[in-house]
Amino acid sequence: PPACRDSKLFIKDLHFDEVPVRIYLPREPSASKRRGLIFFHGGCGIFGSIRSYDRICRSIANQSDSVVVSVGYRLSPEHKYPTQTQDCLTATLHFLKAAENYGVDLQRVIICGDSVGGTFATSTCQELVSRRDTPKIRAQVLIYPFLQALNFNLPSYQQNAFIPFLSRERTVHFILKYLQKDSTLKEAILAGSHVPESATLKYRKWINPDLIPETFKLGYKPLLPTSFLPQVYEETKELFKTRISPLLAEDAVVCCLPDTCIITCEHDVLRDDGLLYKKRLEDNKVKVSWHHVKEGFH
């Protein structure tokens, strides 16, 4: 369905290299070029749409006086992973080439997303680090992003295991649905049996409860090591790719990322993903602003 009319915005449904987008352009003339914001919606990669995020994007465009592009990436299971991340990257590259046509300052383009949209925003920024044919992204805004699929027993997962809407169990359930994997793998992944010891040792400098501030560890109990199941690892190796777990990107990539805003919520299983990524960025001299919503939910 077409977007609702807005007295302050021109709203158009377009395609950027075959990827559906909805663009929000402030009607008020501007003396200078505006900032541009590319928005990736949440929904675990399997639901959500341009339409369901229309009010949010209109609000962002109006309140920030920015040109907003909402990306309607294709959803799983109709479109297999990694179609979703590829669509986000494709739409971003198209907009970076065409931004000036919409009155956007190429030096002020921001990528933003919530939940898995935050995952896509993170991985898109990481993909752009190595490109020399596009302008640099000015900033990334990550709203309670999902950033790693190795440890589902961090303090935030234990504390919020049964919190609606995104419980610990449902998180892994949605990941398996997104990747079109057998749901019977869920218990093994929750226990960490998909992670070989070599990966545990390699990534514990980045994914480790010891890196979480003590104020967020109330009631946390370290789990005993579980048996590694090679067959589960073979079935779920995608979980170790930076498209799914951008927290695993090498320092050479992380140090080149743009200024970052991270938003976390207290009652959210993904809270500690944001805290761990915040530390990684700061350790790599990336400027971070962090906003924590006390009493907030995913």
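The rules behind these values
Residues numbered from 1 in each chain as written. Predicted model: local features only at pLDDT ≥ 70, side-chain atom pairs only at ≥ 80, totals over all residues. Heavy atoms only, no water. Helix = DSSP H or I, 4+ residues; strand = E, 2+ residues; numbered from the N terminus. Expected span 1.5 Å × (residues − 1). Buried < 20%, exposed > 50% of the residue type's maximum accessible area, 1.4 Å probe, protein only. 1 Å grid on protein atoms, 1.4 Å probe; cavity = no way out; pocket = protein on both sides within 12 Å on 5 of 7 lines; lining within 4 Å. Points joined across faces, edges and corners; volume = space filled by probe spheres on them. Nonpolar A, V, L, I, M, F, W, Y, C, P; charged D, E, K, R; others polar. Domains from an automatic or database assignment. Contact = heavy atoms within 4.5 Å. Buried area = accessible area lost by both parts, 1.4 Å probe. Salt bridge = Lys/Arg side-chain N within 4 Å of Asp/Glu carboxyl O. Polar contact = N/O pair within 3.5 Å; in protein donor to acceptor, adjacent residues only side chain to side chain. Core = buried A, V, L, I, M, F, W, Y, C linked by side-chain atoms within 4.5 Å. Pairing = 2+ DSSP bridges. Phe/Tyr/Trp six-rings, centres within 6.5 Å; stacked < 30°, edge-to-face > 60°. Lys NZ or Arg CZ within 6 Å of the ring centre and 35° of its normal. Axes fitted to C-alpha atoms, helices over the stretch in contact; angles between N-to-C directions.

> Could you give an account of helix α2 (residues 83–98), naming the residues involved and the relevant values?
Taking 1.5 Å of rise per residue, 16 residues should cover 22 Å, and α2 covers 22 Å from first to last C-alpha, within 8% of that figure. Residues of α2 that are buried: T83, Q84, T85, D87, C88, L89, A91, T92, L93, F95, L96 and A98.

> Outline empty space enclosed by the protein, listing residues and values.
Taken as a whole, this structure holds 1 cavity of 30 Å³ or more when the rule is applied. If you add up the space inside the largest cavity, you get close to 200 Å³. In terms of lining, the largest cavity is formed by 15 residues, of which the most central are C44, V116, F146, T171 and I175. Of all the secondary structure elements, the ones that give two or more residues to the lining of the largest cavity are α3 (116–128) and α5 (168–179). Ranked by the residues each element gives to the lining of the largest cavity, the list is headed by α5, at 4 residues. Within the lining of the largest cavity, the residues separate by chemical class into 10 nonpolar, 4 polar and 1 charged. Structurally, the lining of the largest cavity is a two-domain feature, drawing no fewer than three residues from each of domain 1 (9–143) and domain 2 (155–240).

> Could you give an account of the domain arrangement of the protein chain, with specific residues and numbers?
Domain annotation for the protein chain reports domain 1 (9–143) and domain 2 (155–240). The C-alpha-based centres of domain 1 and domain 2 are spaced at 29 Å. Opposite the 11 residues of domain 1 that make contact, domain 2 presents 7 residues. Summing the contributions of domain 1 and of domain 2, the shared interface buries around 770 Å²; its carbon and sulfur component is 68%. Its largest share of buried area at the contact with domain 2, domain 1 owes to C44, I46 and Y81, together 56% of the area lost on that side. One can count 0 salt bridges joining domain 1 with domain 2. At the boundary of domain 1 with domain 2, the tally comes to 3 residue pairs in polar contact (both at pLDDT 80 or more). Broken down by class, the residue content of the side of domain 1 that touches domain 2 amounts to 6 nonpolar, 4 polar and 1 charged.

> Residue-level account of the nonpolar core, with values.
Soluble, globular proteins show a tendency: their nonpolar side chains are buried together. In this structure, V71, F95 and F152 are the most contacted members of the largest nonpolar core, which totals 75 residues. Domain assignment of the residues forming this core places at least three in each of domain 1 (9–143) and domain 2 (155–240). Setting aside chain neighbours within four positions, we find V71 in contact with V19, P20, V21, I38, F39, F40, H41, I50, D87 and A91.

> Describe in detail the pairing of strand β1 (residues 9–16), supporting the description with residues and values.
Inspection of the sheet shows β1 paired to strand β2 (residues 19–26) by 8 bridges, in the antiparallel sense. Across the sheet, the residue bridging to L14 is V21, located in β2. The antiparallel hairpin formed by β1 and β2 contains 2 residues in its connecting segment, where D17 sits at a positive phi of about 50°.

> Could you give me a rundown of the packing of aromatic side chains, with the residues and numbers involved?
With the rule as written, the count across this model stands at 13 aromatic pairs. Aromatic ring contacts, followed pair by pair, group F16, F95 and Y102 into a single cluster. The ring centre of F10 lies 4.3 Å from the NZ or CZ of R27, which sits over that ring.

> Tell me about the sheet that holds β2, and name the residues and values.
Judged by pairing direction, the sheet is mixed, and its 8 strands sit side by side in the order β1-β2-β4-β3-β5-β6-β7-β8 without closing on themselves. Of all the strands in the sheet, the pair left with one neighbour each is β1 and β8 (288–297). Each adjacent strand pair in this sheet contributes to an overall mean axis angle of 20°, direction not counted. In the sheet, strand β7 (residues 259–267) pairs with β8 via 7 bridges, with the strands oriented parallel. Bridging from a neighbouring strand, C265 pairs with V293 of β8. Along the sheet, α3 contacts β3 (34–40), β5 (104–114) and β6 (139–143); its crossing angle with β5, the most-contacted strand, is approximately 140°. The sheet contacts of helix α10 (residues 271–283) involve β6, β7 and β8, and relative to β7 the element is tilted by about 150°.

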